[in-house]
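# Fold and geometry: a report
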Amino acid sequence: MSETGNRLRKLLESPNFDPQNYVKHLSQHSDGDRDLQEHRQKIQNLADETAQNLKKNVYKNYRQFIETAKEISYLESEMYQLSHILTEQKSIMESITQALLSADKDETSKEMQAAFPKDTEELKQRTLTSLLEKVEGGKNIMDTPGRHLVYNGDLVEFDVDNMSAIQKVHAFLMNDCLLIATWLPNRRGTVKYKYNALYDLESFAVVNVKDNPPMKDMFKILMFPESRIFQAENSKIKKEWLEILEETKKNKVTKDRHKKEEEAPTSPVRAEVSTNPFDQEDDEPAAAGESVNLSPEWIQELPEDLDVCIAQRDFEGAVDLLDKLNEYLKDQPVTQRVKELRLKVDERVRQLTEVLVFELSPDRSLRGGPKATRRAVSQLIRLGQSTKACELFLKNRAAAVQTAIRQLRIEGATLLYIHKLCNIFFTSLLETAKEFEMDFAGNTGCYSAFVVWSKSAMRMFVDAFSKQVFDSKESLSTAAECVKVAKEHCQQLTDIGLDLTFTLQSLLVKDIKASLQSYNDIIIEATKHRNSEEMWRRMNLMTPEALAKLKDEMRSCGVGSFEQYTGDDCWVNLSYTIVAFTKQMMSFLEEGLKLYFPELHMVLLEGLREIILVAVQHVDYSLRCEQDPEKKAFIMQNASFLHDTVLPVVERRFEEGVGKPAKQLQDLRKSTRPVRINPESTTSMV
């Protein structure tokens with residue numbers, strides 16, 4: 001770097017650098033625009049050099065970054081394993097301590113109950129009554145005879161979907177039900193809580209939730225079709241809740257069974273034999289249900305493992321566990337225990353489906369293209385939700401395409417914008433089609449949904465296309481080039497078996513038709529204006545270069561015999577009106593052929609016919625009105641040029657572009673055939 005560059009770098013890197021003073025000083029001491037441009041170039045060179053140095057540093061340390069990231073990942077895994085081992089050891093120690101304490105507590109409680117049985121029951125009821133007096137709306141709970149308090153304590157309720165804390169609650173476990181009360185923010189006297197819910201012990205199941213910091217010391221209560229998650233103060237209290245809840249539920253079941261046995265008649269009653277074959281079939285699974293082995297550890301921990309997989313966004317692992325369970329229970333009888341397990345698993349499946357649906361929602365980030373949705377789509381298909389996966393995938397891609405089109409900046413020429421628009425839209429459509437074919441290869445029923453979606457996406461594209469091309473009143477040549485670009489991009493979709501050309505044409509036909517008719521009216525008005533000023537004089541192009549340029553233009557229009565109408569020097573034996581009309585009409589024909597498709601056949605044909613009639617009628621009128629023999633002969637020469645040279649070129653070019661002859665143009669040429677006339681006559685056309 002030069003010495004000037006070093007000084008400039010030090011100046012810009014100084015901590016006291018003031019941009020405003022620097023620019024002010026620079027503008028005052030510069031000799032003009034050239035100095036400012038040179039100084040700007042120096043700053044730009046310095047910026048480019050700085051960017052290159054930064055890029056080199058990134059490349060230099062890139063491998064080290066990767067290795068460091070791997071080491072961090074390994075260390076994180078080891079720390080997690082270590083934490084898991086410590087947690088297990090802690091839980092073992094706590095269980096041993098709890099076992100010892102519970103043994104002592106059981107012995108003491110048995111002695112106390114044997115000594116004072118009635119006092120113990122009365123004490124529990126009095127305790128429950130005193131506690132329920134603190135619950136707003138809980139006075140009627142004590143109306144049930146024999147109900148007493150077993151356990152109570154504070155808990156924190158968490159949201160099942162996003163695992164965020166909702167509220168602080170106080171739970172009252174009684175011998176036949178569970179009461180959940182919320183804390184009152186504004187306490188009134190002795191009332192601390194507000195009644196929230198009361199659950200019968202037989203109406204819910206209790207599930208342990210594996211610790212996954214910061215989510216720890218939690219357990220879940222399942223009440224079909226919903227569930228609630230609570231967090232205890234520590235692992236010891238959580239364990240107490242789980243054990244006491246399970247023991248209380250068992251005690252209630254045992255008590256209810258004994259009560260039914262006592263109420264049953266003691267006299268011998270002959271067993272009633274059912275003659276209903278459906279009853280026999282229902283009894284068979286229950287009898288055979290004892291053979292279903294649900295004791296493997298992975299089945300026992302399946303609900304908790306599914307909760308962990310969903311929380312850690314391990315969707316593949318969750319679906320793998322579900323497939324493993326379905327395979328295990330495939331040929332097994334449906335017993336009560338299997339039904340309970342299915343109930344727990346179905347709740348997790350619902351949660352997993354909701355998370356996957358949220359992953360595919362348009363509210364999520366749309367970056368990454370169609371491949372970013374593959375993970376959620378594949379897991380929904382494995383869960384048997386292929387229709388929902390198809391619908392959500394297509395909605396996600398529609399939102400992505402719409403966002404990409406909206407973010408496209410409208411700048412520069414219209415044709416440049418259309419190139420960018422077509423590139424973005426058709427590339428997105430092609431990528432979506434390939435990803436759809438890959439994800440839904442085994443679901444052929446979803447392909448019709450993709451075709452319908454493609455048509456709706458094409459409408460979105462045409463709206464943006466027409467707004468920029470047709471609503472802004474661009475010239476016909478620009479519109480023709482834009483439509484040509486769109487057709488070429490649309491044709492690329494046929495490589496994957498998707499042909500949307502007809503859809504594109506049907507959506508554009510209205511705007512193209514209006515554009516052709518508008519340009520047709522402009523040409524007719526321009527021709528009439530030139531006809532009003534026609535003097536029927538030969539063209540003088542003044543310079544050989546201008547004559548050569550006109551010859552090239554006529555040659556490009558397809559008029560190859562134009563040489564015979566050029567004279568000596570720079571003269572052309574045709575009028576300016578006829579030459580201008582020829583160039584304008586051939587230009588209209590070429591642009592119309594670029595826009596052509598079958599629905600526009602008659603529009604283009606009638607437009608050409610109207611334009612030609614204007615010129616022919618003007619020549620015919622001039623021949624009838626002109627009295628000068630020389631001018632009459634010159635007009636006849638122009639009429640012959642139109643009939644014998646221009647009209648055949650129009651017919652031939654139209655047939656080449658369309659693929660079939662233009663009968664209307666042929667009939668028009670025959671009906672306007674010029675004849676050799678007597679200069680004194682007023683008859684000109686047949």
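Sequence order as written defines the numbering, with residues in each chain counted from 1. Owing to the predicted nature of the model, reporting of local features is limited to residues with pLDDT of at least 70; listing and counting of side-chain atom pairs is limited to 80 or more, with chain, interface and lining totals taken over all residues. Side-chain numbers here rest on the full set of heavy atoms in the structure, without hydrogens or water.

Once that is clear, we can look at the overall build of the protein chain. Helix numbering and strand numbering both begin at the N terminus, where a helix is a DSSP run of H or I of at least 4 residues and a strand a DSSP run of E of at least 2. A tally of helices and strands in the protein chain yields 21 helices and 10 strands. The cut-offs for exposure are 20% and 50% of the maximum accessible area for each residue type, with area from a 1.4 Å probe on protein chains only; residues under the lower value are buried, those over the upper are exposed, and the others partly exposed. Evaluated residue by residue, the protein chain yields a buried proportion of 37% over its 686 residues. Residues are treated as being in contact if the distance between any of their heavy atoms lies within 4.5 Å. Partitioning the contacts of the protein chain with sequence separation of at least 6, the portion at a separation of at least 24 is 65%. In the form shown here, the protein chain has an accessible surface area of approximately 41,400 Å², with 52% of it arising from carbon and sulfur atoms. Note that accessible areas follow from Shrake-Rupley with a 1.4 Å probe, and for residues the cover is restricted to the protein chains shown.

Right, let's talk about the packing of helix 13 (residues 414-439) against helix 15 (residues 476-491) for a bit. For every element, the axis is a line fit to its C-alpha atoms; helices are fit only across the contacting stretch, and the angle between N-to-C directions ranges from 0 to 180 degrees. Close contact between helix 13 and helix 15 brings their axes to 10 Å; oriented N to C, the two are set at 15°. Taken as axis vectors, helix 13 and helix 15 run roughly parallel relative to one another. Crossing of helix 13 against helix 15: the hand is right-handed. Together, Thr414, Leu415, Ile418, His419, Cys422, Asn423 and Phe426 of helix 13 and Thr478, Glu481, Cys482, Val485, Ala486, His489 and Cys490 of helix 15 make up the contact between the two elements. Gly is placed with the polar residues, together with every amino acid not listed as nonpolar (Ala, Val, Leu, Ile, Met, Phe, Trp, Tyr, Cys and Pro) or charged (Asp, Glu, Lys and Arg). Partitioning the contact of helix 13 with helix 15 into residue classes produces eight nonpolar, five polar and one charged. Angles below 35 degrees are treated as roughly parallel, those above 145 as roughly antiparallel, those between 65 and 115 as roughly perpendicular, and all remaining angles as oblique. The hand of a helix crossing depends on one turn: near helix anticlockwise from the far one by less than a right angle means left-handed, and clockwise means right-handed.

Quick look at the packing of helix 10 (residues 336-359) against helix 11 (residues 374-382) now. The geometry of helix 10 relative to helix 11 is characterised by a closest axis approach of 9 Å and an angle of 145° between their N-to-C directions. As for how helix 10 packs across helix 11, the hand of that crossing is left-handed. In this structure, helix 10 contributes Thr353, Leu356 and Glu359 to the contact, and helix 11 contributes Ala376, Gln379 and Leu380. Residue composition of the contact of helix 10 with helix 11, by class: three nonpolar, two polar and one charged.

Another point: the state of the cysteines. What we call a disulfide is simply a covalent bond connecting the sulfur atoms of a pair of cysteines. Put simply, a disulfide is two cysteine sulfurs that come within 2.5 Å. Under the defined criterion, the tally for this structure stands at zero disulfides. Sulfur of Cys490: no disulfide; nearest cysteine sulfur belongs to Cys422 and is 9.4 Å away.

Pairing of aromatic side chains here covers Phe, Tyr and the six-membered ring of Trp, requires ring centres within 6.5 Å, and sorts the geometry by plane angle: under 30 degrees stacked, over 60 edge-to-face, intermediate tilted. Throughout the structure, instances matching the rule amount to 20 aromatic pairs. Aromatic pair Phe172 and Tyr193: ring centres 6.0 Å apart, planes at 75°, arrangement edge-to-face. Of this pair, Phe172 sits in strand 3 (residues 165-174) while Tyr193 is found in strand 5 (residues 191-200), placing the two residues 21 residues apart along the sequence. Residue Tyr193 is classed as buried on the basis of its relative accessible area, which comes to 7%. Seen from their ring centres, Trp183 and Tyr193 are 5.1 Å apart, and the 90° between their planes marks the pair as edge-to-face. Of this pair, Trp183 sits in strand 4 (residues 177-188) while Tyr193 sits in strand 5, and the two are 10 residues apart along the sequence. One aromatic cluster is present, built from ring pairs that chain together Phe393, Phe436, Phe440, Tyr447, Phe450 and Trp453.

In terms of burial, strand 8 (residues 226-231) is a largely internal element, five of the six residues being buried. The sheet contact formed by strand 2 (residues 149-158) and strand 8 spans three bridges and is antiparallel. What sits directly across from Val156, in strand 8, is Gln231. Strand pairing requires that DSSP identify at least two bridges connecting the strands.

A carboxyl oxygen of Asp or Glu within 4 Å of a side-chain nitrogen of Lys or Arg is what we treat as a salt bridge. This model, assessed by the stated rule, comprises 24 salt bridges. The partner of Arg653 in a salt bridge is Glu656, with the nearest N and O atoms 3.8 Å apart. With Arg653 and Glu656 both in helix 20 (residues 629-658), this residue pair falls three residues apart, about one helical turn. Taking the relative accessible area as the measure of exposure, Arg653 reaches 26% and is therefore partly exposed. Since its relative accessible area comes to 56%, Glu656 is described here as exposed. What you see here is one network of salt bridges that share partners, running through Glu202, Lys252 and Asp256.

Next up on the list: unusual backbone geometry. Across the chain, the bulk of peptide bonds are trans and the bulk of non-glycine residues have phi less than zero. The residue Asp217 is not glycine, and still its phi comes out positive at about 60°. Look at Arg313: it is not a glycine, yet its phi comes out positive at around 60°. For Arg313, the position within the fold is in the loop between helix 8 (302-311) and helix 9 (315-328).

A few words now on a negative patch on the surface. A residue counts toward a patch only above 30% relative accessible area and without a salt bridge, and it is joined to like-charged neighbours within 9 Å or, for Val, Leu, Ile, Met, Phe, Trp and Tyr, to nonpolar neighbours within 5 Å. Counted as positive: Lys and Arg. Counted as negative: Asp and Glu. His and the chain ends are not counted at all. Every charge is mapped onto a representative atom, which is NZ of Lys, CZ of Arg, CG of Asp or CD of Glu. Among the surface-exposed residues, Asp521, Glu525, Glu606 and Glu610 lie close enough to one another that they form a single negatively charged patch. Elements with a minimum of two residues in the negative patch: helix 16 (501-532) and helix 19 (601-625). Among the secondary structure elements, Glu525 is positioned in helix 16.

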